[in-house]
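# Reading the structure
Single-letter residue listing:
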Amino acid sequence: MSRDPVSESRSGNKTGHTCKKRRNKPLGRFQEAVSSDAAWRNEAASAPPVAIRYRSGPSQKIPLGLLAIALVWIGPILACGSFQPRPTPTRQLPAAVESSNTPAPDQPVATPVPTAPPAATATVPPPPTPTLVVPNPLTIGEQARIVIPGGLNIREQPSIGAPILTLLAQGKRVLVLEGPNGSEGYIWWRVDDQQGNVGWAAGGQGDQVWISPQVGDLRPVDRPPVIGDLVVVTLQGELSVRSLPGVTSAIKSRARTDQRFTVVAGPQADGGYFWYQIRSEDGQVEGWAADGSGGERWLSPLE
């Protein structure tokens, strides 16, 4: 017989109730067993001797009373089952619900990655200024000579587009003030022509030399004379020296080729000529002479 503790306790099973009564009243059962044992003994006394001898033989070691008590106890157990205690139901604890306020476990603090210093910016040096190659350099503060045929212009700035101050004739001596300055493919020098003109003149281009530091001896210059110039007669022949400026004036003397004079006055224009008062080195000849005609120079300054 299967044992269902739930059904026994709820459905009022008769067997269950009987078992409970018997378990709750052990003393009554014991009395019933004793009375049953006494009755049995009375019956045994009236039974034939054979039966009595069988029960009371020397081989019977367990008292019959104890056997009867055991049967009284064992019977209900066999009928109702063992007296093992009912299993105590295990109480299930409710699962813990995480609270939103539960502090989060400590998180490892991220170690800041050290910022690498910025790479040093390499300073790119400016390209070197190309060295200006001057084939025939001049010396600041020294004299130089114009050697280009046809003469050389003096300009306000070292540029071929700058205004022209004057034209320096071939052989003209100048005083070097500044330079060199490379511009537009030329080598420029700032010079003074010692006649009131100061500006920039190109010293050359490529291998060409237009201003030479080699002054050398005095030489005639194709330019108009100025007061104080040492001039030389460059006319092939004789040059008339007159008492007054003009072709109608009386001739005082005649100057030969390569004879030198000093300019003391002038110029004065008359009869299509420019006249200069000149004096010889020994002072014996003094008068007025025309400096040239038609592009031909008769009196040339020496430089």
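Look up a bit, the structure's there.
Summary of the structure given here.

Cut-offs applied
Residues numbered from 1 in each chain as written. Predicted model: local features only at pLDDT ≥ 70, side-chain atom pairs only at ≥ 80, totals over all residues. Heavy atoms only, no water. Helix = DSSP H or I, 4+ residues; strand = E, 2+ residues; numbered from the N terminus. Buried < 20%, exposed > 50% of the residue type's maximum accessible area, 1.4 Å probe, protein only. Areas by Shrake-Rupley, 256 points an atom, 1.4 Å probe, with all protein chains shown as cover. Phe/Tyr/Trp six-rings, centres within 6.5 Å; stacked < 30°, edge-to-face > 60°. Core = buried A, V, L, I, M, F, W, Y, C linked by side-chain atoms within 4.5 Å. Contact = heavy atoms within 4.5 Å.

### What to know about the overall build of the protein
Along its length, the protein carries five helices and 17 strands. Buried positions account for 28% of the 303 residues belonging to the protein. About 20800 Å² of surface is accessible on the protein, with carbon and sulfur atoms providing 55% of the total.

### Details of the packing of aromatic side chains
Scanning the model with the defined rule gives four aromatic pairs in all. Summarising the aromatic geometry, the rings of Tyr186 and Trp210 are spaced 6.0 Å apart at their centres and angled 45° between planes, so their arrangement reads as tilted. With Tyr186 in strand 5 (residues 186-192) and Trp210 in the loop between strand 7 (208-209) and strand 8 (211-212), this residue pair connects regions lying 24 residues apart in the sequence. Side by side, Tyr186 and Trp210 carry an identical accessibility label, which is buried. Both rings, one in Tyr273 and one in Trp298, keep their centres 6.0 Å apart while their planes meet at 35°; by these two values the pair is tilted. Here Tyr273, found in strand 13 (residues 273-280), pairs with Trp298, found in the loop between strand 16 (296-297) and strand 17 (299-301); they are 25 residues apart in sequence, far enough to count as distant. According to the relative accessible area criterion, Tyr273 is partly exposed, its value standing at 24%. Every member of this aromatic cluster is reached through a ring pair, and the members are Tyr186, Trp188 and Trp210.

### Quick look at the nonpolar core
Burial of nonpolar side chains together is a common tendency in soluble globular proteins. One finds Ile146, Leu152, Val191 and Ile211 to be the most contacted residues of the largest nonpolar core, which totals 19 residues. Of all the secondary-structure elements, those providing two or more residues to this core are strand 1 (143-146), strand 2 (152-155), strand 4 (173-183), strand 5 and strand 6 (198-205). Not counting residues up to four positions away in its chain, the partners in contact with Leu152 are Ile146, Thr166, Leu167, Leu168, Ala201, Ala202, Trp210 and Ile211. Counting 18 residues, the second-largest nonpolar core is a separate cluster that includes Leu239, Val263, Ala265 and Ala289.

### Side note on the environment of Gly237
One can find Gly237 in the loop between strand 9 (230-233) and strand 10 (238-242). In this structure Gly237 comes out as partly exposed when scored by relative accessible area, which is 34%. With near-sequence residues (within four places) excluded, Gly237 lies in contact with Ala255, Arg256 and Thr257.

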